[in-house]
Amino acid sequence: EAQVTQNPRYLITVTGKKLTVTCSQNMNHEYMSWYRQDPGLGLRQIYYSMNVEVTDKGDVPEGYKVSRKEKRNFPLILESPSPNQTSLYFCASSLRDGDLYGYTFGSGTRLTVV
Amino acid sequence: DQQVKQNSPSLSVQEGRISILNCDYTNSMFDYFLWYKKYPAEGPTFLISISSIKDKNEDGRFTVFLNKSAKHLSLHIVPSQPGDSAVYFCAASIRTYKYIFGTGTRLKVLA
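Here the structure is a predicted model, which is why all the values come from computation and not from measurement.

Each value, and the rule that gives it
Residues numbered from 1 in each chain as written. Chains lettered and ligands numbered in written order. Predicted model: local features only at pLDDT ≥ 70, side-chain atom pairs only at ≥ 80, totals over all residues. Heavy atoms only, no water. Pairing = 2+ DSSP bridges. Helix = DSSP H or I, 4+ residues; strand = E, 2+ residues; numbered from the N terminus. Core = buried A, V, L, I, M, F, W, Y, C linked by side-chain atoms within 4.5 Å. Buried < 20%, exposed > 50% of the residue type's maximum accessible area, 1.4 Å probe, protein only. Contact = heavy atoms within 4.5 Å.

## Remarks on the sheet that holds strand 6 (residues 56–59) of chain B
Residues and elements named next belong to chain B. Strands sit in the order 1-3-8-7-6 across an open sheet of 5 strands; the sheet is antiparallel. Edge strands, defined here as strands with exactly one partner in the open sheet, are strand 1 (4–5) and strand 6. Of the pairings in the sheet, the one linking strand 7 (residues 62–67) to strand 8 (residues 72–77) comprises 6 bridges and is antiparallel in character. Note on strand 8: the bridge partner recorded for F62 is I77.

Here is the structure:
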């Protein structure tokens with residue numbers, strides 16, 4: 001089944017403790033992206049990647065890092081999480097950045113930073 | 001600066017009636033629009049799209065209307081069903097690149 005898989009689905013952590021949210025897609029998509037969803041703010045892009053080793057900032061990149069060493073994987077790294085990064089995170093992919101059907105999204109990771 | 005806005009955070013509709021979800025945008029360069037549907041504990045999924053060369057696109061019970069002069073699009077669901085209860089996001093792009101998402105509208109269809 002074609003899908004985007006995120007792990008973990010739920011995570012509670014403490015301020016300052018580094019964490020990684022993994023994202024993997026099995027559709028050979030070139031384009032991958034991370035979003036966060038917050039009440040009243042919708043989906044905001046954090047980082048995106050056009051292809052392996054090509055990443056760039058989205059609209060809200062502060063406090064996050066990403067890497068794209070393989071085509072299928074695009075992990076999101078929070079080096080020193082803070083409470084304002086408590087949010088619902090989605091990984092998304094598409095064949096390229098520019099797709100008539102938009103993006104395929106993962107099921108989400110709900111992160112709470114205390 | 002919110003380029004894509006959904007001014008109604010929530011909407012309740014009786015089963016069988018029409019649901020109308022609205023979306024406004026500010027960038028006149030946007031020429032391709034999508035609607036996504038999101039259930040709790042799931043990621044958004046593609047619902048329907050429209051290009052700026054059209055003013056209407058239908059897919060079964062779902063119809064999207066585009067008013068370019070008003071920079072406004074709407075999603076009509078007829079008839080509404082309880083399974084349509086979800087959060088709906090509109091998204092806009094320039095030539096299908098870098099979609100910008102709205103804030104979402106939570107639709108509740110009452111049985």
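## Re the nonpolar core
Core analysis: the largest hydrophobic core is formed by 24 residues, its most contacted members being F33, W35, L73, L75 and Y88 of chain B. Among the elements of the structure, strand 3 (19–25), strand 4 (32–38), strand 5 (45–51), strand 7, strand 8, strand 9 (86–94) and strand 11 (105–110) of chain B are those that each provide at least two residues to this core. With 4 residues, the single largest contributor to this core is strand 9 of chain B. With 19 residues, the next largest nonpolar core counts V4, M32, V60 and V113 of chain A among its residues.

## Here we look at the environment of S94 of chain A
With respect to the helices and strands, the residue S94 of chain A is situated in strand 9 (residues 87–94). In this structure S94 of chain A touches H29, E30, Y31, D99, G102 and Y103 of chain A, once residues within four positions along its chain are discounted.

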